[in-house]
Structures are given as structure tokens and as C-alpha cells.
Amino acid sequence: MEYYILKYKPISTYLEERGKYRNEHLKLAEIAAEDGSLVLGGAMEDPADEALLVFRAESEEAVKSFAENDPYVQNGLIEKWEVRKWNVVIGSCFDG
């Protein structure tokens, strides 16, 4: 298992528009958290111009699949997203 960061760049009206899709987005995130792949996730604050989600997964493809199926992405609330492998070397969750 590897760690990956999914970074979202939301549109400028994200906070105003997310309510329409928030329940669906959170349900997807809850499923990923329950299966152990989503470790942490949330938006930056003041300003809410970026969100980071930390995954522990077998491959980058699993994380890309999450993003592609996210209602925020599908409905245009995220103008850009990227997945990057994160080489964790220390921390309480690290088992390397």
C-alpha cells in the first residue's frame, strides 16, 4: 500500500454551490474512509481555495477513480485536480 494526495482546486463559487452535491460527495468519502482507503480529507480555510485528501491505496488509479466519481468533480465545482504519490517516511500511521 502506498500513500497518495488528491488535491482539488475548486471554482471561485464553490462554497455557494457545494450544497447541491455535498451529501453525495460526503457519502462517497465515507465509503472510502470505511474501506480504509481515505485516511484524511478536507478543505483549506480562509480562503477555501484548495482541498486535500490523503489516500492509502494499491495504486494511483484507485485515487483517480475516486476523483472521477466525485459529484463535485462531475458537476464542475472542481476546476482542477491532481493525484501525487506521497513518500511518507515517519508518522503515527506509517508502517514502513
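Our structure is the block above this text.
Q: Where do I start with the overall build of the chain in this structure?
A: Scanning the chain from terminus to terminus reveals four helices and four strands. Of the regular secondary structure in the chain, the N- to C-terminal order runs β-α-α-β-β-α-α-β. Relative to the 2.2 N^0.38 estimate, which gives 12 Å for 96 residues, the radius of gyration of the chain is 13 Å and therefore close to what a compact globule would have. Seen along its three principal axes, the alpha-carbon backbone of the chain occupies a region of about 40 × 25 × 20 Å. Out of the 96 residues in the chain, the part that is buried amounts to 30%. Across the chain, contacts joining residues at least 24 apart in sequence account for 71% of those joining residues at least 6 apart. When the accessible surface of the chain is totalled, it reaches about 6,400 Å², and 48% of it is carbon and sulfur. Within the chain, one finds 11 positive and 19 negative side-chain charges whose respective centroids are separated by 3 Å.

Q: Is there a simple way to think about the sheet that holds strand β4 (residues 78-86) in this case?
A: To summarise the sheet geometry, strands pair through backbone hydrogen bonds and adopt either a parallel or an antiparallel arrangement. Strands sit in the order β2-β3-β1-β4 across an open sheet of four strands; the sheet is antiparallel. The open sheet has two edge strands with one neighbour each: β2 (38-43) and β4. Sheet twist, expressed as the average angle between the axes of neighbouring strands with direction ignored, equals 15°. Relative to β4, strand β1 (residues 2-10) runs antiparallel, the two sharing eight bridges. Bridge pairing in β4 places Tyr3 opposite Trp86. Strands β1, β3 (51-57) and β4 of the sheet are contacted by helix α3 (residues 60-69), whose axis makes an angle of about 25° with β1.

Q: Whenever I open this one, helix α2 (residues 22-34) confuses me. Can you help?
A: One turn of the α-helix equals 3.6 residues, which is why residues spaced by three or four share an orientation. For α2, which comprises 13 residues, the first-to-last C-alpha distance of 18 Å matches the rise-based estimate of 18 Å (1.5 Å per residue) to within 8%. Here the buried face of α2 lies against β2, β3, α3 and α4 (71-74).

Q: What is the right way to read the environment of Leu40 from this model?
A: In this fold, Leu40 is placed in strand β2. By relative accessible area, which is 57% here, Leu40 ends up exposed. Put simply, Leu40 and His25 are 15 residues apart on the chain and 14 Å apart in space, counted from C-alpha to C-alpha.

Q: Help me understand the pattern of salt bridges in this model?
A: Oppositely charged side chains are able to pair whenever their charged atoms sit close together. Using the criterion set out here, one finds five salt bridges in the structure. For Glu50, the salt bridge is made with Lys7, and the minimal N-O distance between the two is 3.8 Å. Here Glu50, found in the loop between β2 and β3, pairs with Lys7, found in strand β1; they are 43 residues apart in sequence, far enough to count as distant. For Lys64, the salt bridge is made with Glu61, and the minimal N-O distance between the two is 3.9 Å. Here the residue Lys64 and the residue Glu61 both occupy positions in helix α3, the gap between them amounting to three residues, near one helical turn. With relative accessibility at 51%, the residue Glu61 sits in the exposed group.

What counts, and at which threshold
- As a convention, each chain's residues are numbered from 1 in the sequence order in which they are written.
- With pLDDT at 70 or above as the cut-off, local features in this predicted model cover only qualifying residues; side-chain atom pairs require 80 or more to be listed or tallied, and sums for whole chains, interfaces and linings still use all residues.
- Side-chain numbers here rest on the full set of heavy atoms in the structure, without hydrogens or water.
- Strands here mean DSSP runs of E at least two residues long; helices mean DSSP runs of H or I at least four residues long; both are numbered from the N terminus.
- Taken over C-alpha atoms, the radius of gyration is set against a globule rule of 2.2 Å times the number of residues to the power 0.38.
- Accessible area is worked out with a 1.4 Å probe on protein chains only. A residue is then buried under 20% of its type maximum, exposed over 50%, and partly exposed in between.
- Residues are treated as being in contact if the distance between any of their heavy atoms lies within 4.5 Å.
- Throughout, the Shrake-Rupley method with a 1.4 Å probe supplies accessible areas, and for residues the shown protein chains are the sole cover considered.
- Two residue types count as positive, namely Lys and Arg, and two as negative, namely Asp and Glu; His and chain ends fall outside the count.
- A charged residue contributes its charge at one atom only: NZ of Lys, CZ of Arg, CG of Asp or CD of Glu.
- Pairing between strands is defined by DSSP: at least two bridges between the two strands are required.
- Axis geometry follows a simple rule: fit a line to the C-alpha atoms, using only the stretch in contact for helices, then measure angles between N-to-C directions, giving values from 0 to 180 degrees.
- Expected helix span is taken as 1.5 Å per residue step, with the number of steps being one fewer than the number of residues.
- Each reported salt bridge corresponds to a side-chain nitrogen of Lys or Arg within 4 Å of a carboxyl oxygen of Asp or Glu.

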